[in-house]
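The chain contents come next:
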Amino acid sequence: MTTTTPGPSALRGAVGTARTRIEGREKVTGAARYAGEIPFADLAHGWLVLSTVTRGRILDVETDPVLAMPGVLTVLHHGNAPRLHTDYVGMLGTPPDPTCAVFQNDRVPFAGWPVALVVAETPEEAREAAEALVVTYDSEPHDTALHAAHPGAYAAAGHMPAETEKGDLEAQLAASAFVVDAEYTTPEEQHSMMEPHAATARWEGGRLEVVDSNQGAGWVQGELATMFSLDASSVRVRSEHIGGGFGSKGLRAHQVSAVMAATALHRPVRVVLTRRQTFSLGGYRSPTTQRVRLGAAPDGRLLALEHRSLNQTSTVYEFVEPSAGVARVLYDADAHRTANHVVRLDVPSPTWMRAPGEAPGSFAIEAALDELAERGGIDPIELRLRNEPDVGPVSGLPFAGNNLAACFREGARRFGWADRDPRPGVRREGRWLLGTGTAAASFGAGAAPSTALVTAEADGSFTVRITAADIGTGARTALTLIAADALETAPEQVRVRIGDSDFGPAMIAGGSMGTRSWAWAVTAAAAELRERLAMATSIPPEGITVRSDTTEALGALARKERHSFGAQFAEVAVDTATGEIRVRRMLGVFAAGRIVNPLTARNQLVGGMTWGISMALHEEAVRDRNTGGHYAPDLAGYHVATHADTPAIEVDWVDDHDPDDPVGIKGVGEIGIVGAAAAVANAVWHATGVRHRDLPIRPDRVLSATVPEPAGGAADA
């Protein structure tokens, strides 16, 4: 038997040490190939044609002139495309978005709906032909405007109960010493990842293979197999490198249309979405309108809490942005009511986006808490700590760990919160008004059943195979460190292979559950493999392989409230003459379980906080109400925070241990954005004395607000 002697890195423990990304050199040298770059012999190229009307029916698709153009191979549309099976519930517990089930009927439910796919020998020929394709429509009246009083709004559950309620809200509000009743809005936001959506489909030996950029190869495999009525074993999906996803890269129209075209032409077909097409077909974060009502006793203890959220969805698919969900974790009250509502409009379907629900929901509830602290004359941090729940405010379950107070105390110390003058609008530095703000953060720490294969090779090394996805988070590196510790070897002795549906079912990269779920499966397989190796006298040439499945172990985990927590701090400077806002510094302190790789964990938290700055001050996808289409759907017109907008952001974490959890890992990909926008908005109030309840806080909104005299009360905007 060949044995492996643990190296120095293994002896001191790989997990918890800072490691650069395993694939880092490949990425910076261009050796890492993304889905749209991988070459295939005899490759054809598809270009999607999107509707130019907002709502109606397709009357005619004039294919003959286009088919006569150079290089054009076929035009797929509702009149000739294969029928798909769509009556099923997918991996995420929902039916597929009909936007993915392309060309199934003549209906057009929104501007940018896919109406045809032109396939040609080159992408240039496909694009030219697609732009020449004439489609005739019968237009119908449409509604694309979200507003709080929309008559079509209704309660919707999504992945959590639509409404929760306990206590007499009106009675407790009436009994409160001070009350906040305010409406907060957040705009539509786009994922805008650097790598666009791309997929290549081909048939090889009677098996469908799709090379894609996605957040879960097993997820896409299962959806495609069901849609095309194929056995799952006859479909393989590979996704090696992904240039960002943020919730957008699941099953989309480009994969399905590529499979249709490859089936029709018997050759590989690649479909890549343009940046503008992703604004219609890649999903987005729905705008929200949220009403928060808070009532507190003289000491700041909450007597009443109501958080109601409304988001838009399409007429063909229901998606809930559960913004009221964050209040079900962070704060309790004698009377506690939350509700998530949606309204169906003639717009594309929203989808998951980094911290879905928590990101916009934390802006509303944390801004309202800040207003309550002001009215009660209580320090904002102290108000939050006085209302920290002992058990889940809605579930009644005990917390597996709630270290929010530790985050606030450590953050306040490092940020210098004790030196803060609580009065708004009194700090000035030349033409700049200065202010500081804070907010709490929470995000669920879940896990999903996963499988993993771990092989002890004859040369003494180990190979880990798992259908994980590295969407830029450093998952390969994290899993290497986890496997090395579990196998009691050095990370250099471990090879991790991911992004292939042939490796078996596993959790997607989403919901901050990926690393936690995959680590559990890898650790379980490694433990069994070590037992096998202890009994083996030798390792055969093919190695010794163990497969794990965490389904049973997850089912046995004690039911508790499991979350990451955090405290966000921001300092801003506001020029009331120009409306310019500059974030000067940010600090985030988090309780996020066992930190696998401090280097990549810090990157993820900084990335989330940067997005919070962008959410607070920049991001806003604007639709034309006449057409439902976007103004400037590209990275020139859709503003995001750049280097000039981003200060030196500091992050750290506190000890956060759950004795009942054998893995101890919580996700860090999403907790960083939660509360960040609220901290910035609260700092803007502290700087100016003006409360902004609508994001983003654009310069025109700052200029249109009335700034009170330093000795006066706070104004609202």
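Residues numbered from 1 in each chain as written. Predicted model: local features only at pLDDT ≥ 70, side-chain atom pairs only at ≥ 80, totals over all residues. Heavy atoms only, no water.

**Topic: the nonpolar core**
Working step 1: Counting residues in hydrophobic clusters, the biggest one holds 85 residues, and the most contacted among them are Tyr184, Leu294, Ile365, Phe569, Val572, Met586 and Val680.
Working step 2: Sequence-distant contacts of isoleucine 365, defined by excluding residues within four places in its chain, comprise Val292, Leu294, Leu305, His307, Val326, Ala327 and Tyr331.
Working step 3: Residues Val15, Ile242, Ala452 and Val496 belong to the second largest nonpolar core, which totals 47 residues. (Core = buried A, V, L, I, M, F, W, Y, C linked by side-chain atoms within 4.5 Å. Buried < 20%, exposed > 50% of the residue type's maximum accessible area, 1.4 Å probe, protein only. Contact = heavy atoms within 4.5 Å.)

**Side note on the confidence of the model for the protein chain**
Working step 1: In this model, the protein chain carries an average pLDDT of 94, and 97% of its residues clear a pLDDT of 70 or more.
Working step 2: In this model residues 1-11 is a low-confidence stretch, pLDDT under 50, and it forms 24 contacts with partners more than four residues away in sequence or in other chains.
Working step 3: Long-range and interchain partners of residues 710-714, a stretch whose pLDDT sits below 50, account for 7 contacts in this model, where long-range means more than four residues apart. (pLDDT = per-residue confidence, 0-100.)

**Here we look at the sheet that holds strand β21 (residues 494-497)**
Working step 1: In spatial order, the strands read β21-β20-β19-β22; together these 4 strands make up an open sheet with mixed pairing. In this open sheet, the two edge strands, each paired with only one partner strand, are β21 and β22 (544-549). Adjacent strand axes in the sheet meet at a mean angle of 15 degrees, parallel and antiparallel pairs treated alike.
Working step 2: Two strands pair when backbone bridges link them, and strand β19 (residues 451-456) and strand β20 (residues 462-465) are joined in this way by 4 bridges, in the antiparallel orientation. By the bridge assignment, leucine 453 is partnered in β20 with arginine 465.
Working step 3: On the sheet, helix α14 (residues 514-535) packs against β19, β20 and β22 and is oriented at approximately 140 degrees with respect to β22. (Pairing = 2+ DSSP bridges. Helix = DSSP H or I, 4+ residues; strand = E, 2+ residues; numbered from the N terminus. Axes fitted to C-alpha atoms, helices over the stretch in contact; angles between N-to-C directions.)

**Some details on α14**
Working step 1: Along its 22 residues, α14 runs 32 Å from first to last C-alpha, staying within 8% of the 32 Å computed at 1.5 Å per residue.
Working step 2: Lining the buried residues of α14 we find β19, β20, α13 (475-487), β22 and α15 (551-555). (Expected span 1.5 Å × (residues − 1).)

**A closer look at the layout of surface pockets**
Working step 1: Its volume calculated, the second largest pocket comes out at about 640 Å³.
Working step 2: Every residue lining the second largest pocket is counted, 26 residues in all, and those nearest its centre are Leu50, Ser51, Thr52, Gly112 and Gln277.
Working step 3: Every element with two or more residues in the lining of the second largest pocket is listed here: β1 (44-50), α4 (123-132), β6 (134-139) and α8 (275-281).
Working step 4: At 5 residues, α8 tops the list of elements feeding residues into the lining of the second largest pocket.
Working step 5: Broken down by class, the residue content of the lining of the second largest pocket amounts to 11 nonpolar, 10 polar and 5 charged. (1 Å grid on protein atoms, 1.4 Å probe; cavity = no way out; pocket = protein on both sides within 12 Å on 5 of 7 lines; lining within 4 Å. Points joined across faces, edges and corners; volume = space filled by probe spheres on them. Nonpolar A, V, L, I, M, F, W, Y, C, P; charged D, E, K, R; others polar.)

**Some points on empty space enclosed by the protein**
Working step 1: Counting across every chain of the model gives 5 cavities of 30 Å³ or more.
Working step 2: Roughly 260 Å³ of internal volume is contained in the largest cavity.
Working step 3: Lining of the largest cavity is provided by 19 residues; of these, Thr94, Asp97, Trp219, Leu251 and Tyr317 occupy positions nearest its centre.
Working step 4: Classifying every residue of the lining of the largest cavity gives 11 nonpolar, 5 polar and 3 charged.
Working step 5: By volume, the second largest cavity is sized at about 50 Å³.

**Things to note about the sheet that holds strand β11 (residues 207-212)**
Working step 1: The 7 strands lie next to each other as β3-β5-β1-β13-β10-β11-β12, forming an open sheet whose pairing is mixed. Strands with a single pairing partner mark the edges of an open sheet, and in this sheet they are β3 (72-77) and β12 (235-238). Taken pair by pair, the neighbouring strands of this sheet meet at an average axis angle of 20 degrees, ignoring direction.
Working step 2: By the bridge criterion, 4 bridges tie strand β10 (residues 198-204) to strand β13 (residues 269-272) in an arrangement that is antiparallel. Bridge pairing links alanine 198 to valine 272 in β13.

**Quick word on the pairing of β21**
Working step 1: Burial along β21 is one-sided: Val494 and Val496 are buried, and none of Arg495 and Arg497, which face the opposite way, are.
Working step 2: Between the parallel pair β20 and β21, the chain is carried across by α13, and the sense of this crossover is right-handed. (Right-handed = clockwise from strand over helix to strand, strands pointing away.)

**Quick notes on helix α6 (residues 217-227)**
Working step 1: Counting buried positions along α6 gives 8 out of 11 residues, so the element sits mostly inside the fold.
Working step 2: All buried positions along α6 are accounted for by Ala217, Trp219, Val220, Gln221, Glu223, Leu224, Ala225 and Met227.
Working step 3: Looking at the packing, one finds that the buried side of α6 touches β11, β12 and α7 (253-265).

**Here we look at the environment of glutamate 542**
Working step 1: With respect to the helices and strands, glutamate 542 occurs in the loop between α14 and β22.
Working step 2: Given a relative accessible area of 58%, glutamate 542 falls into the exposed group.
Working step 3: For the pair glutamate 542 and alanine 519, spaced 23 residues apart in sequence, the C-alpha separation works out to 24 Å.
Working step 4: Once residues within four sequence positions are removed from consideration, glutamate 542 is found in contact with Thr455 and Glu457.

**Observations regarding unusual backbone geometry**
Working step 1: In this chain, leucine 695 is followed by proline 696 through a cis amide linkage whose omega measures -5 degrees.
Working step 2: Within the element layout of this structure, proline 696 appears in the loop between β26 (690-691) and α18 (699-704).
Working step 3: Even without glycine at this site, alanine 355 takes up a positive phi of about 60 degrees.
Working step 4: Within the element layout of this structure, alanine 355 appears in the loop between β16 (335-345) and α10 (358-376).
Working step 5: A residue is classified by how much of its surface remains accessible, and alanine 355, at 0% relative accessible area, is buried.
Working step 6: A positive phi angle, near 50 degrees, is found at alanine 632, a position not held by glycine.

**Focus: the side chain of aspartate 500**
Working step 1: Summarising the element assignment, aspartate 500 is placed in the loop between β21 and α14.
Working step 2: Polar side-chain contacts of aspartate 500 include one of 2.9 Å to the backbone nitrogen of aspartate 502.
Working step 3: Those residues in contact with aspartate 500, other than ones at most four positions away along the chain, are Ala217, Arg236, Val237, Arg238 and Thr467. (Polar contact = N/O pair within 3.5 Å; in protein donor to acceptor, adjacent residues only side chain to side chain.)

**Side note on the packing of aromatic side chains**
Working step 1: Across all of its chains, the model carries 9 aromatic pairs by this definition.
Working step 2: Here the aromatic cluster, defined as three or more aromatic residues joined through ring pairs, consists of Phe408, Phe415, Trp417 and Phe569.
Working step 3: Seen from the ring of phenylalanine 415, arginine 585 lies directly overhead, with NZ or CZ sitting 3.8 Å from the centre.
Working step 4: In this structure, arginine 623 packs its charged tip against the face of tyrosine 284, placed 5.2 Å from the ring centre. (Phe/Tyr/Trp six-rings, centres within 6.5 Å; stacked < 30°, edge-to-face > 60°. Lys NZ or Arg CZ within 6 Å of the ring centre and 35° of its normal.)

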